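This is what each chain is made of:
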Amino acid sequence: MTDTAAPPVGQRPTGRRAAGLGLLGPAFVAAIAYVDPGNVAANLTAGARYGYLLLWVLVAANASAVVVQYLSAKLGIVTGRSLPELLGLRMRRAPRLLFWAQAEVVAAATDVAEVIGGALALHLLFGVPLVAGGLITGAVSMGILLLQNRRGARTFEAVVTAMLAVLTVGFCAGLLFAQVSPGALVAGIAPRFADSGSVLLAASMLGATVMPHAVYLHSALARDRHGDVPAGAERRRVLAATRWDVGLALVVAGGVNISMLVLAAATLQGVDGTDSIPGAQRAIAENVGPVVGVLFAIGLLASGLASTSVGCMAGAEIMHGLLRVRVPLVVRRLVTLVPAVVLLALEADATQLLVISQVVLSFGIAFAIVPLVTYTSRRSVMGADVNAVGTRVVAWLIAAVIVALNVALIVLTVGG
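Residues numbered from 1 in each chain as written. Predicted model: local features only at pLDDT ≥ 70, side-chain atom pairs only at ≥ 80, totals over all residues. Heavy atoms only, no water.

- The name that an unreviewed UniProt entry assigns to the protein is Nramp family divalent metal transporter, with the source organism given as Curtobacterium aetherium.

**Remarks on the overall build of the protein**
Part 1 of the reasoning: Helices and strands together make up the secondary structure of the protein, namely 17 helices and zero strands.
Part 2 of the reasoning: Over its C-alpha atoms the protein spans a radius of gyration of 20 Å, differing by no more than 12% from the 22 Å that the globule rule assigns to 416 residues.
Part 3 of the reasoning: Along the three orthogonal principal directions, the C-alpha set of the protein runs to about 60 × 45 × 45 Å.
Part 4 of the reasoning: In the protein, which comprises 416 residues, the proportion classed as buried is 58%.
Part 5 of the reasoning: When the accessible area of the protein is evaluated, it comes to approximately 16000 Å², of which 67% is carbon and sulfur surface.
Part 6 of the reasoning: Within the protein, the 19 negative side-chain charges are centred at a point lying 13 Å from the centre of the 28 positive side-chain charges. (Helix = DSSP H or I, 4+ residues; strand = E, 2+ residues; numbered from the N terminus. Rg over C-alpha atoms; globule rule 2.2 N^0.38 Å. Buried < 20%, exposed > 50% of the residue type's maximum accessible area, 1.4 Å probe, protein only. Areas by Shrake-Rupley, 256 points an atom, 1.4 Å probe, with all protein chains shown as cover. Lys, Arg positive; Asp, Glu negative; His and termini not counted. Charge placed at Lys NZ, Arg CZ, Asp CG, Glu CD.)

**Structural notes on a nonpolar patch on the surface**
Part 1 of the reasoning: A cluster of nonpolar side chains, Val-166, Val-294 and Ile-298, forms an exposed patch at the surface whose accessible area comes to about 210 Å².
Part 2 of the reasoning: With respect to the helices and strands, Val-166 occurs in helix H7 (residues 153–172). (Patch = residues over 30% accessible without salt bridge, like charges linked within 9 Å, V, L, I, M, F, W, Y side chains within 5 Å. Salt bridge = Lys/Arg side-chain N within 4 Å of Asp/Glu carboxyl O.)

**Some remarks on the packing of aromatic side chains**
Part 1 of the reasoning: Summed over all chains, the structure comprises three aromatic pairs.
Part 2 of the reasoning: Between the NZ or CZ atom of Arg-90 and the centre of the ring of Tyr-375, over which it lies, the distance is 5.2 Å. (Phe/Tyr/Trp six-rings, centres within 6.5 Å; stacked < 30°, edge-to-face > 60°. Lys NZ or Arg CZ within 6 Å of the ring centre and 35° of its normal.)

**Here we look at H7**
Part 1 of the reasoning: In this model, H7 (20 residues) spans 28 Å end to end at C-alpha, consistent with the 28 Å of a helix rising 1.5 Å per residue.
Part 2 of the reasoning: By the burial criterion, the buried members of H7 are Phe-156, Glu-157, Val-160, Met-163, Leu-164, Leu-167, Gly-170 and Phe-171. Down the axis of H7, the buried set is contained in an arc of 145 degrees. They therefore lie on one face. (Expected span 1.5 Å × (residues − 1). Arc of directions from axis to C-beta.)

**What to know about the layout of surface pockets**
Part 1 of the reasoning: The volume enclosed by the second largest pocket comes to roughly 260 Å³.
Part 2 of the reasoning: Trp-56, Val-57, Ala-60, Ala-61, Ser-64, Phe-193, Leu-206, Leu-397, Ile-398, Val-401, Ile-402 and Leu-405 together form the lining of the second largest pocket.
Part 3 of the reasoning: Secondary-structure elements contributing two or more residues to the lining of the second largest pocket are helix H3 (55–79) and helix H17 (389–415).
Part 4 of the reasoning: Along the lines of polarity and charge, the residues of the lining of the second largest pocket split into 11 nonpolar, one polar and no charged. (1 Å grid on protein atoms, 1.4 Å probe; cavity = no way out; pocket = protein on both sides within 12 Å on 5 of 7 lines; lining within 4 Å. Points joined across faces, edges and corners; volume = space filled by probe spheres on them. Nonpolar A, V, L, I, M, F, W, Y, C, P; charged D, E, K, R; others polar.)

**Quick notes on the packing of helix H2 (residues 37–50) against helix H9 (residues 196–209)**
Part 1 of the reasoning: Here H2 crosses H9 at 150 degrees, and the two axes come no closer than 9 Å. With respect to H9, the axis of H2 lies roughly antiparallel. Along this stretch, H2 crosses H9, giving a crossing that reads as left-handed. Together, Gly-38, Asn-39, Ala-42, Asn-43, Thr-45, Ala-46, Arg-49 and Tyr-50 of H2 and Gly-197, Ser-198, Leu-201, Ser-204, Met-205, Ala-208 and Thr-209 of H9 make up the contact between the two elements.
Part 2 of the reasoning: Partitioned by chemical class, the residues of the contact of H2 with H9 number six nonpolar, eight polar and one charged. (Axes fitted to C-alpha atoms, helices over the stretch in contact; angles between N-to-C directions. Parallel < 35°, antiparallel > 145°, perpendicular 65-115°, else oblique. Left-handed = near helix turned anticlockwise from the far one by under 90°. Contact = heavy atoms within 4.5 Å.)

**Regarding the packing of helix H5 (residues 93–126) against helix H10 (residues 212–226)**
Part 1 of the reasoning: Running from N to C, H5 and H10 point in directions that differ by 105 degrees, and their axes come no closer than 9 Å. On the basis of the axis angle, H5 is roughly perpendicular to H10. Side by side, H5 and H10 meet where Phe-99, Gln-102, Ala-103, Val-106, Thr-110 and Glu-114 of the first sit next to Pro-212, His-213 and Tyr-216 of the second.
Part 2 of the reasoning: In the contact of H5 with H10, the residues fall into five nonpolar, three polar and one charged.

**Examining unusual backbone geometry**
Part 1 of the reasoning: For Arg-324, which is not a glycine, the phi torsion comes out positive at approximately 60 degrees.
Part 2 of the reasoning: The exposure class assigned to Arg-324 is partly exposed, which follows from its relative accessible area of 49%.
Part 3 of the reasoning: Backbone geometry places Glu-347, a non-glycine residue, at a positive phi of 60 degrees.
Part 4 of the reasoning: You can see Glu-347 is positioned in the loop between helix H14 (329–345) and helix H15 (350–376).

**So, the environment of Leu-343**
Part 1 of the reasoning: Among the structural elements, Leu-343 can be located in helix H14.
Part 2 of the reasoning: Exposure remark for Leu-343: the relative accessible area of 26% places this residue in the partly exposed category.
Part 3 of the reasoning: Between the C-alpha atom of Leu-343 and that of Val-131, which follows or precedes it by 212 residues, the distance is 8.8 Å.
Part 4 of the reasoning: Not counting residues up to four positions away in its chain, the partners in contact with Leu-343 are Val-112, Ala-348 and Leu-353.

**Concerning the pattern of salt bridges**
One side chain can pair with another of opposite charge once the charged atoms of both are near each other.
Part 1 of the reasoning: Summed over the entire model, instances satisfying the criterion amount to seven salt bridges.
Part 2 of the reasoning: Residues Glu-85 and Arg-223 are paired through a salt bridge, measuring 2.9 Å at the closest nitrogen-oxygen approach. In this pair, Glu-85 is assigned in helix H4 (residues 83–90) and Arg-223 in helix H10, connecting sequence segments 138 residues apart.
Part 3 of the reasoning: The exposure class of Arg-223 is buried, given its relative accessible area of 2%.
Part 4 of the reasoning: In this structure, Glu-104 and Arg-332 form a salt bridge, with 2.9 Å as the shortest nitrogen-oxygen distance. Here Glu-104, found in helix H5, pairs with Arg-332, found in helix H14; they are 228 residues apart in sequence, far enough to count as distant.
Part 5 of the reasoning: What makes Arg-332 buried here is its relative accessible area of 6%.
Part 6 of the reasoning: Overlapping salt bridges bring together Glu-85, Arg-223, Asp-224 and Glu-317 as one network.

**Comments concerning H5**
Part 1 of the reasoning: Helix length check: H5, at 34 residues, gives a terminal C-alpha distance of 48 Å against a target of 50 Å (1.5 Å per residue), a fit within 8%.
Part 2 of the reasoning: Downstream of H5 by one or two residues, Gly-127 has phi in the positive range, about 70 degrees.

**So, the environment of Arg-333**
Part 1 of the reasoning: Tracing the chain through its elements places Arg-333 in helix H14.
Part 2 of the reasoning: Here Arg-333 falls in the buried class, since its relative accessible area comes to 0%.
Part 3 of the reasoning: Between the alpha carbons of Arg-333 and Ala-33 there is a distance of 16 Å; along the sequence they are 300 residues apart.
Part 4 of the reasoning: Ignoring anything within four residues of it in the chain, the contact list for Arg-333 reads Asp-111, Val-115, Gly-138, Ser-141, Met-142, Leu-145, Thr-308 and Cys-312.
Part 5 of the reasoning: A polar atom in the side chain of Arg-333 sits 2.4 Å from the side chain of Asp-111.
Part 6 of the reasoning: At 3.2 Å, the side chain of Arg-333 and the side chain of Ser-141 are in polar contact. (Polar contact = N/O pair within 3.5 Å; in protein donor to acceptor, adjacent residues only side chain to side chain.)

Encoded structure:
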């Protein structure tokens, strides 16, 4: 990467900005990426196989996500550009195209997980065949994207936030009836692994929690919502509101993820047939209650529909920033729908595809976080809002741990 970017330019002029709750919203859209169907597969699998053992992964990953998502939003607010745009401006052509290629792989893995999750939910609720469910999921997500184009970001944020509320109820309801072990819950916070399989699952959970496409997208969401924010008191106010936005959104998302793992650990461990989402849903219905099973499936449907819309937006922003072309969201929706529908038509194991997709995302995290931390730590990019020394240390530590986990994953997978 070179330092030849044009001066930061705000994307949109703004008038009078709303105060308080009016500044919240972008982080709740980005948070949908943290509770997508890939999270469901990874968290249920972790809880069913290892009980509370990997709870610490979710706690650490969610704490890391708060830092990462705030830095992404901060970058968009201060520079008036998204992370993909800055990368596109600062990278030479060959590395830029290579960077775009890996980002597209990440985006494709994301979309596969989200469409498959929606298809599974429709199958569980209404018996819809998986291929038809994938097509329906794509069609509904396209409608959500058209709503965003026609009614604006605020309406889109409201719809996505409503879906976040629905999936929160759906995934957390079972905890009201589950017999959770307080001692095992506390023990699960201590970092440790059981075997190479637990490392694979930890990488999958990490990829499902700290999502690369959410890092790319959040900077664009903040840029578009706040426009060109002048340095000084007004920018400090917007950044303060953004910290609340990110904190609240990821408390919700983190709580949902932890609830899923705890529910699986309390009700599914040692139960036959829980190695798939349909099997886990049936086991939840049998062991906790049919109403909880239905609520779980509704939560999965809301998760798939909302997250695939957000993922499509992220993919479009990646293409715009790195290829410097704008692709209509509807066109991108059609193109990225194909791989998921093909995999469903081939009758591949849907739950296993979800877990694998999250491992792919885990490998893409470093490519998003390293430039994010680099740019937000440069005074030439951020001016007076450059990261403080403490923030830099924490952010680089997060990046280092993520890279180390992925190296360990490669070693254990190849060695096994």
